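Survey of secondary and tertiary structure
One-letter residues, chain by chain:
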Amino acid sequence: MTTLNLVVPCYNEEEVLPETSARLLALLQRLIDAGEVSDESRIIFIDDGSRDKTWSIIAALHASNAHYGGIKLSRNRGHQNALLAGLMTAPGDVLISLDADLQDDIEAIPRMLEQYRLGAEIVCGVRFKRNTDTFFKRFTARNYYKLLRAFGVDILPGHADFRLMSRKTVEALRQFPEVNLFLRGIIPLLGFRMTAVEYERAARFAGESKYPLGKMLTFAFDGITSFSAVPLQWSTRIGALLALGSLCFGAWAAFARLFTDLTVPGWASTVIPMYFLGGVQLLFLGVIGGYISKTYAETKQRPRFIIEQTL
Ligand code: UDP
Ligand code: MG
């Protein structure tokens, strides 16, 4: 029989954990009773270096019921690394990752298992409505997915990290050693039979988002630079275009000087292109710097997470 393990990253989630754990256990018990998953199935919480009572809650849950497990990271490493720590260490035939704040509808889990039984190795949870997120979040997310696709990154719109993975695919994921992790971009690269299950995105059950704008932007930049070199090609194209433009401009200036009395007035035509070119150069230095810093991080091959304790 299939052993299912739920992988739930938690960062300062003391407000939602009691409710999340109760609901997940009820669901798991239901699946066990129905004979759909084995009794060894567990719910594994990954404490991503929380500063509140998250870990003591997880420890208490583990003491109260053997179906609860926990992994404590030595410090905060961010959602993607916490998730990876769970995926790389959890045993079982099937792993399902989901957020701790109940935004991912847990009733989609039985439907995911159904798809797995039908032969899918990866089942992606895709939100078909996200009315509960702020307009800003919806707007930026939608356009960001579009941008990623325009850059040639194969990504499933509306899919975040609510997903079922079979043992085979988790082992395949192990072969991706990258430090700059953007899991939802790697998943399509694995291949395997993939299907999707739709669900309605709920509001965060309690507490506030652990993804402030800064973290979100870093994550977004990671997503692009980990999978696409298109921004680098832009620098070449825009540079070539500007160089060509300046050549024409120079030719025109020479012509005007020699054959007409339309003398170039001077200031604006000198200073504006200077600022403009300076800006474009700095912009692309930044883009190139972004790729170099990623290469730097990758060559060091530092561990992506360090486990302090396992329950
Ligand atoms: N999370 C984490 N480490 C972090 C930030 C977030 O493990 O540094 C977890 C968080 O506990 C939650 C999930 O990642 O289970 C998604 O975070 P959140 O709900 O705050 O993000 P949002 O839904 O607002 O994008
Ligand atoms: Mg959330």
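Residues numbered from 1 in each chain as written. Chains lettered and ligands numbered in written order. Predicted model: local features only at pLDDT ≥ 70, side-chain atom pairs only at ≥ 80, totals over all residues. Heavy atoms only, no water.

An unreviewed UniProt entry lists the protein under the name Glycosyltransferase family 2 protein, with Paraburkholderia sejongensis given as the organism. The UniProt entry for the protein carries this comment under Subcellular location (unreviewed entry): "Membrane". (UniProt positions renumbered as here; feature names shortened; annotations may be inferred.)

This part is about the nonpolar core. Leu4, Ile43, Phe45, Ile96 and Ile109 are the most contacted members of the largest nonpolar core, which totals 36 residues. Looking at this core, the elements with two or more residues in it are β1 (4-10), α1 (17-33), β2 (42-47), α2 (54-64), β4 (94-97), α4 (108-117), β6 (159-166) and β7 (194-200). For this core, the element with the most residues is α1, which contributes 7 residues. Those residues in contact with phenylalanine 45 that lie beyond four places of it in its chain are Val8, Cys10, Leu17, Ser21, Ile58, Leu61, Tyr68, Gly69, Gly70 and Ile71. Judged by nonpolar contacts, the second largest core, of 25 residues, contains Ile71, Leu84, Ala90 and Leu190. (Core = buried A, V, L, I, M, F, W, Y, C linked by side-chain atoms within 4.5 Å. Buried < 20%, exposed > 50% of the residue type's maximum accessible area, 1.4 Å probe, protein only. Helix = DSSP H or I, 4+ residues; strand = E, 2+ residues; numbered from the N terminus. Contact = heavy atoms within 4.5 Å.)

Another point: the sheet that holds β7. Within the open sheet, the 8 strands sit side by side as β7-β5-β6-β4-β1-β2-β3-β8. Their pairing is mixed. The open sheet has two free edges, formed respectively by β7 and β8 (307-310), since each of these has just one partner strand. For this sheet the average axis-to-axis angle between neighbouring strands, irrespective of direction, equals 25°. With 6 bridges connecting them, β1 and β2 associate as parallel partners. Looking at the pairing, proline 9 lines up with isoleucine 46 of β2. Contacts between α1 and the sheet are confined to β1, β2 and β3 (68-73), with β2 contributing the most and set at about 155° to the helix. (Pairing = 2+ DSSP bridges. Axes fitted to C-alpha atoms, helices over the stretch in contact; angles between N-to-C directions.)

Around a metal, the perfect tetrahedron of four donors has angles of 109.5 degrees, and the perfect octahedron of six donors has angles of 90 or 180 degrees. Coordination sphere of the magnesium ion (ligand 2), protein contribution only: Asp101 (OD) and Gln103 (OE1), at 1.9 Å. In this pair, the class of aspartate 101 matches that of glutamine 103, namely buried. (Donors = N, O, S within 2.8 Å, 3.2 Å for Na, K, Ca; no water.)

Moving on: the site of ligand 1. Taken together, 20 residues surround ligand 1, and among them Glu13, Asp48, Asp101, Ser209 and Lys210 come closest. Lysine 215 is positioned with one of its side-chain polar atoms (N or O) 2.9 Å from an oxygen atom of ligand 1. Burial of ligand 1 by the protein chains amounts to 95% of its free accessible area of 530 Å². For the shell around ligand 1, the elements supplying multiple residues, two or more each, are β1 and α3 (79-89). Its residues assigned to classes, the shell around ligand 1 shows 6 nonpolar, 5 polar and 9 charged. (Near = heavy atom within 4 Å. Polar contact = N/O pair within 3.5 Å; in protein donor to acceptor, adjacent residues only side chain to side chain. Areas by Shrake-Rupley, 256 points an atom, 1.4 Å probe, with all protein chains shown as cover. Nonpolar A, V, L, I, M, F, W, Y, C, P; charged D, E, K, R; others polar.)

This brings us to the pairing of β6. With 8 of its 8 residues buried, β6 lies for the most part within the structure. Relative to β6, strand β5 (residues 122-129) runs antiparallel, the two being bridged by 4 bridges. By the bridge assignment, valine 126 is partnered in β6 with histidine 159.

According to UniProt, the feature "transmembrane region" (unreviewed entry) maps to residues 238-260 and 272-292 in the numbering used here. Split by type, residues 238-260 is 96% helix and 0% strand. Its first and last C-alpha atoms lie 31 Å apart.

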